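# Geometric and topological summary
Here's the letter readout for the chains.
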Amino acid sequence: DTEVTQTPKHLVMGMTNKKSLKCEQHMGHRAMYWYKQKAKKPPELMFVYSYEKLSINESVPSRFSPECPNSSLLNLHLHALQPEDSALYLCASSQGQTDYNEQFFGPGTRLTVL
Amino acid sequence: AQSVAQPEDQVNVAEGNPLTVKCTYSVSGNPYLFWYVQYPNRGLQFLLKYITGDNLVKGSYGFEAEFNKSQTSFHLKKPSALVSDSALYFCAVRDMGSNYQLIWGAGTKLIIKP
């Protein structure tokens, strides 16, 4: 299984809502990532988990809260978002954070904040 | 500072013709280079990587890339383009100096015309 899955595919939420994005991989990868991507732009790194511990937080606002319940799952909890947070949110995984291996990306969650 | 440049926002190629998507990089130390492709409304798919060894790297879907150390380039190539190759292509370099994360180029939109 060489797939990263993400749910939901689409999400529309108001600025007062609380929602969560989910990501799953069964490749035995020990590093997992959250990226934010605006249209036709490269992805922007948000968070990195290595061996289920938060390794990198790229100064992301606290309205985004990551969680890694186990080595296969990654969540991104959303609360009090702003319209400018509307974007494609991508999850990725790789064998390790510091090796030379490529990252495998999920299809993304298209988030719209009203 | 490490960086990646994709000098062309868009490349237009006729179906059946060879294609090249350009990428240049600036790193301290050995470069670890990657190409990804993104089809509309999809996540990123890994195409190929250069870590060490042969300067010509072969990847998925008939793509290859040539690593040129003296010109600090890693251009993506394909001998005969298909309409289905139309997509957004990103070059990236691994930041081995600090946090090991990917530094992305701005992306090149490839349009293959029948």
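This write-up is about the structure you can find in this document. Keep in mind the model is a prediction, meaning the values are calculated, not measured. (Residues numbered from 1 in each chain as written. Chains lettered and ligands numbered in written order. Predicted model: local features only at pLDDT ≥ 70, side-chain atom pairs only at ≥ 80, totals over all residues. Heavy atoms only, no water.)

## Let's talk about the overall build of chain A
Under the convention used in this document: By the criteria applied, helices consist of DSSP H or I runs no shorter than four residues and strands consist of E runs no shorter than two, each listed in order from the N terminus. The buried label goes to any residue with under 20% of its type's maximum accessible area, the exposed label to any with over 50%, and the partly exposed label to all in between, with areas taken from a 1.4 Å probe on protein chains only. Pairs of residues are marked as contacts when any of their non-hydrogen atoms sit within 4.5 Å.
Looking only at helices and strands, one finds zero helices and eleven strands in chain A. The order of α-helices and β-strands along chain A, N terminus first, is β-β-β-β-β-β-β-β-β-β-β. Along the first, second and third principal axes, the C-alpha set of chain A runs to 40 × 25 × 20 Å. Sorting the 114 residues of chain A into buried and exposed places 48% on the buried side. Contacts spanning at least 24 positions in sequence make up 55% of the contacts within chain A whose residues lie at least 6 apart.

## As for the overall build of chain B
Applicable threshold: Within these notes, the globule rule equals 2.2 Å times the number of residues to the 0.38 power, and the radius of gyration is based on C-alpha atoms. All accessible areas in this document rest on Shrake-Rupley with a 1.4 Å probe, and a residue is counted as covered only by the protein chains that are shown. In this tally, Lys and Arg are treated as positive and Asp and Glu as negative; His is ignored, and so are the chain termini. Where a charge sits is defined by one atom per residue type, namely NZ (Lys), CZ (Arg), CG (Asp) or CD (Glu).
The secondary structure content of chain B amounts to zero helices and twelve strands. Reading the helices (α) and strands (β) of chain B from amino to carboxyl end gives β-β-β-β-β-β-β-β-β-β-β-β. Expected size for 114 residues packed as a compact globule is a radius of gyration near 13 Å; at 14 Å, chain B falls within 12% of this value. On the principal axes, the C-alpha backbone points of chain B span a range of 45 × 30 × 20 Å. Classification of the 114 residues of chain B by burial places 46% in the buried group. As displayed, chain B offers around 5300 Å² of accessible surface, 49% of which is attributable to carbon and sulfur atoms. Across chain B, the 10 positively charged side chains and the 8 negatively charged ones have centroids separated by 3 Å.

## Comments concerning the interface of chain B and chain A
For clarity, the cut-off: Buried area is understood as the total, over both parts, of accessible area removed when two parts are fitted together, assessed with a 1.4 Å probe. Here, a salt bridge means any side-chain nitrogen of Lys or Arg that lies within 4 Å of a carboxyl oxygen of Asp or Glu.
Residue-level contacts link 22 residues of chain B with 25 residues of chain A. The contact between chain B and chain A buries some 1800 Å² in all, and 55% of this surface belongs to carbon and sulfur atoms. Between chain B and chain A we count one salt bridge in total. With a shortest N-O distance of 2.8 Å, A:Glu102 and B:Lys49 are connected by a salt bridge.

## Observations concerning the state of the cysteines
In a disulfide, the sulfur atoms of two cysteines are covalently bonded to one another. This is how it is decided: In plain terms, two cysteine sulfur atoms within 2.5 Å form what is called a disulfide here.
The tally for this structure, following the rule as stated, stands at two disulfides over all chains. Here A:Cys23 is linked by a disulfide to A:Cys91, with a sulfur-sulfur distance of 1.9 Å. Every disulfide takes its handedness from the sign of the S-S torsion; for A:Cys23 and A:Cys91 that torsion is -70°, giving left-handed. Linking A:Cys23 in strand S3 (residues 18-25) with A:Cys91 in strand S9 (residues 87-94), this pair joins segments that are 68 residues apart in sequence. Its relative accessible area of 0% is what places A:Cys91 among the buried residues. The disulfide bridge from B:Cys23 ends at B:Cys91, spanning 2.0 Å between sulfur atoms. Because the sign of the S-S torsion sets the handedness, a value of about -65° for the bond joining B:Cys23 and B:Cys91 places this disulfide among the left-handed ones.

## Description of the sheet that holds strand S8 (residues 73-79) of chain A
Sheets are built from strands that pair by backbone hydrogen bonding, the pairs being arranged parallel or antiparallel. Residues and elements named next belong to chain A. For the record, the criterion: We call two strands paired when DSSP finds no fewer than two bridges between them. The convention used is that axes are lines fitted to C-alpha atoms, helices contributing only their stretch in contact, and that angles between N-to-C directions extend from 0 to 180 degrees.
Pairing is antiparallel across the open sheet formed by four strands, whose spatial order is S1-S3-S8-S7. The sheet terminates laterally at strand S1 (4-7) and strand S7 (64-70), the two strands that pair on one side only. Pairs of neighbouring strands in the sheet enclose a mean axial angle of 20°, with direction left out of account. Where S3 meets S8, seven bridges bridge the pair, whose relative direction is antiparallel. Bridging from a neighbouring strand, Leu21 pairs with Leu76 of S8.

## Digging into the side chain of B:Arg94
Tracing the backbone through its elements, the reader meets B:Arg94 in strand S10 (residues 87-94). Despite its burial, B:Arg94 remains without a salt bridge, the nearest opposite charge being carried by A:Asp99 at 4.4 Å.

## Some points on the pattern of salt bridges
All names here are of chain B. The tally for this structure, following the rule as stated, stands at six salt bridges over all chains. Ionic pairing is found between Lys58 and Glu64, a salt bridge with its closest N-O pair at 2.9 Å. Accessibility expressed as a relative area gives 62% for Lys58, which makes it exposed. Asp85 serves as the salt-bridge partner of Lys78, at 2.8 Å between the closest nitrogen and oxygen.

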